[in-house]
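Secondary and tertiary structure notes
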Amino acid sequence: MEPTSSCLLTWMGRRGEPADNPKPGKIMKPSALPIKAMIRVLGLDVAKATVVLFDPVSGRTLAIANEPQALLEALKPFADYELMVCEATGGYERACLQAAAVLGLPACRADAAKVKSYIRSHGGAAKTDAIDARWLSRYGQERGPSLPLWAPPEEHRELLAALVRHRQHLLAARIEAKNRLSAPGPEALRPFLQAQLDFLQSQVAEIDIAVKRLLADSPDLADAESRLRQIPGIGPVAARTLLALLPELGRLNRKQAASLAGLAPHPRDSGQTSARRHIGRSGRHGLRPVLFMAALAAARAHPQLSTFAQRLVSAGKPKRLVLTAVARKLLVIANAICKAPTPQLT
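Procedures and definitions
Residues numbered from 1 in each chain as written. Predicted model: local features only at pLDDT ≥ 70, side-chain atom pairs only at ≥ 80, totals over all residues. Heavy atoms only, no water. Axes fitted to C-alpha atoms, helices over the stretch in contact; angles between N-to-C directions. Helix = DSSP H or I, 4+ residues; strand = E, 2+ residues; numbered from the N terminus. Parallel < 35°, antiparallel > 145°, perpendicular 65-115°, else oblique. Contact = heavy atoms within 4.5 Å. Nonpolar A, V, L, I, M, F, W, Y, C, P; charged D, E, K, R; others polar. Pairing = 2+ DSSP bridges. Right-handed = clockwise from strand over helix to strand, strands pointing away. Core = buried A, V, L, I, M, F, W, Y, C linked by side-chain atoms within 4.5 Å. Buried < 20%, exposed > 50% of the residue type's maximum accessible area, 1.4 Å probe, protein only. pLDDT = per-residue confidence, 0-100. Expected span 1.5 Å × (residues − 1). Phe/Tyr/Trp six-rings, centres within 6.5 Å; stacked < 30°, edge-to-face > 60°.

1. Remarks on the packing of helix 4 (residues 112-121) against helix 5 (residues 129-143)
For the pair helix 4 and helix 5, the least separation of the axes is 11 Å and the interaxial angle reads 90 degrees. Between helix 4 and helix 5, the angle is such that the two are roughly perpendicular. Residue-level inspection shows Lys 114, Val 115, Tyr 118 and Ile 119 of helix 4 in contact with helix 5, the latter providing Trp 135, Leu 136, Arg 138, Tyr 139, Glu 142 and Arg 143. Broken down by class, the residue content of the contact of helix 4 with helix 5 amounts to 6 nonpolar, no polar and 4 charged.

Below, the structure is given as structure tokens:
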């Protein structure tokens with residue numbers, strides 16, 4: 001026998017939560033977006049040389065060369081559609097997104113992991129370019145109102161992000177070369193490793209010079225960097241990494257900023273089990289290690305954060321937890337400074 005509406009309300013609570021939930025509405029907030037399905041949503045499966053387009057209205061599948069002019073001509077008949085959805089594909093999707101922006105067609109660069117989970121939830125197993133384009137169209141039809149729209153990035157910020165990420169790759173290669181040079185091995189190999197190390201060091205220095213020039217040519221970025229550098233613990237590397245990898249800084253609330261930086265502990269509770277919360281591997285790649293190094297400096301140099309860190313240590317908290325908490329507070333301060341017209345260091 002199915003429960004009546006009154007019984008169902010009693011079992012689920014007044015707002016849809018379980019009736020024994022002590023904090024209604026705190027676990028998962030209801031969506032404020034309208035529940036609306038889209039119909040005219042293009043799905044584009046992007047590869048290096050070609051793009052496969054699926055039109056759900058006509059049911060046609062088109063193969064297009066992944067070139068700006070070809071994509072612009074192919075997308076013109078669909079300029080009045082509600083949405084275009086493609087996956088992040090290592091930068092090869094950029095021509096599609098730029099063509100859609102020229103035509104005024106709303107576009108979404110979907111998270112590939114979320115799309116794969118969506119396909120798996122529907123039992124999809126077959127995979128071809130045409131099938132993937134159909135799935136992307138369906139994904140946009142069902143979730144279109146909640147998907148973030150792509151907007152062309154600012155030129156200076158995009159270049160800064162590219163330089164910062166390349167610098168991080170060079171530093172990782174430098175660490176590997178240093179480890180190999182210090183490890184036991186044939187002496188004949190050492191000159192080659194030393195030459196590689198010298199080259200990587202010179203490349204890092206040249207990138208630092210290029211970043212300085214870029215900041216000098218962009219007053220907005222220079223102003224944001226000077227604000228961040230006023231925070232004890234944040235040096236030039238941390239400030240530039242935040243500006244490059246977290247361009248939304250100053251437009252986020254504290255929870256959003258912590259989640260994007262990978263500093264938000266997520267619950268892992270089930271039944272009677274209440275596991276310790278971990279930050280996991282979430283967040284944007286390359287951002288959290290820099291914030292951890294800045295947190296180490298802030299725990300010594302920042303007057304409020306050093307007191308906060310000492311209080312956690314005295315309470316017996318693990319050092320990794322203390323470092324994460326300090327990094328999160330440091331990020332919240334940085335977000336507030338970029339948001340406020342007049343910086344407030346505390």
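We are not done yet, so read on.
2. What about the pairing of strand 5 (residues 107-110)?
As defined by bridge partners, strand 4 (residues 83-87) adjoins strand 5 across 4 bridges and the pair is classed as parallel. Across the sheet, Glu 87 pairs through a bridge with Ala 110, a residue of strand 5. As a crossover connection, the stretch from strand 4 through helix 3 (residues 94-103) into strand 5 is right-handed.

3. A few points about the nonpolar core
By size, the foremost hydrophobic cluster in this structure holds 56 residues, and its most contacted members are Leu 228, Ile 234, Leu 242 and Leu 331. Counting residues per element, the ones that place at least two in this core are helix 6 (155-182), helix 7 (190-217), helix 8 (219-229), helix 9 (236-245), helix 10 (254-260), helix 11 (288-301), helix 12 (303-314) and helix 13 (319-339). By residue number, the principal contributor to this core is helix 13, which donates 10 residues. Those residues in contact with Ile 234 that sit more than four places away from it in its chain are Leu 228, Arg 229, Ala 239, Leu 242, Leu 330 and Ala 334. Leu 42, Leu 44, Ile 64 and Ala 100 belong to the second-largest nonpolar core, a separate cluster that totals 22 residues.

4. What about the environment of Leu 228?
Along the chain, Leu 228 turns up in helix 8. Expressed as a C-alpha distance, the spacing of Leu 228 and Leu 242, which sit 14 residues apart in the sequence, is 9.0 Å. With residues near it in sequence (within four places) discarded, Leu 228 still touches Ile 234, Ala 239, Leu 242, Leu 243, Leu 249, Ala 334 and Cys 338.

5. Side note on the sheet that holds strand 1 (residues 41-46)
The 5 strands lie next to each other as 3-2-1-4-5, forming an open sheet whose pairing is mixed. The sheet is open, and its two edges are formed by strand 3 (60-65) and strand 5, each paired on a single side. Taken pair by pair, the neighbouring strands of this sheet meet at an average axis angle of 20 degrees, ignoring direction. The strands that helix 2 (residues 68-75) touches are strand 1, strand 2 (50-55), strand 3 and strand 4; relative to strand 3, the one it contacts most, it runs at about 155 degrees.

6. Digging into the side chain of Arg 240
Along the chain, Arg 240 falls in helix 9. Judged by its relative accessible area of 14%, Arg 240 falls in the buried class. Non-local contacts of Arg 240, meaning those with residues more than four positions away in its chain, are made with Leu 160, Val 164, Val 211, Lys 212, Leu 215 and Glu 225.

7. Here's the deal with the confidence of the model for the protein
Taken residue by residue, the protein gives an average pLDDT of 85. The fraction at 70 or more is 87%. For the protein, the element scoring lowest by mean pLDDT is helix 1 (residues 5-12), at 35; strand 2 scores highest, at 95. Counted against residues more than four places away or in other chains, residues 1-28, with its pLDDT under 50, gives 13 contacts.

8. Here we look at helix 11
Counted at 1.5 Å a residue, the expected span for helix 11 with its 14 residues is 20 Å, and the 19 Å between its end C-alpha atoms agrees. Taken residue by residue, helix 11 has Arg 288, Val 290, Leu 291, Phe 292, Ala 294, Ala 295 and Ala 298 as its buried positions. Where helix 11 is buried, its residues meet helix 6, helix 9, helix 12 and helix 13.

9. Quick word on the packing of aromatic side chains
For any pair of aromatic rings, the description rests on two quantities: the centre-to-centre distance and the angle between the ring planes. This structure, assessed with the given rule, holds 3 aromatic pairs. With a centroid separation of 5.2 Å and 80 degrees between ring planes, the pair formed by Phe 78 and Tyr 81 is classed as edge-to-face. Neither Phe 78 nor Tyr 81 differs from the other in exposure class; each is buried. Judged by centre distance (6.1 Å) and plane angle (85 degrees), the ring pair of Tyr 118 and Trp 135 falls under edge-to-face. With a gap of 17 residues between them, Tyr 118 in helix 4 and Trp 135 in helix 5 connect regions that are remote in the sequence. There is no split in this pair, since Tyr 118 and Trp 135 are both buried. The structure contains a cluster of three or more aromatic residues connected by ring pairs, namely Tyr 118, Trp 135 and Tyr 139.

10. Examining the side chain of Glu 93
One can find Glu 93 in the loop between strand 4 and helix 3. On the accessibility criterion, Glu 93 (3% relative accessible area) is buried. Each residue touching Glu 93, except ones within four places of it in the same chain, is listed here: Val 46, Cys 86, Glu 87, Ala 88 and Arg 109.

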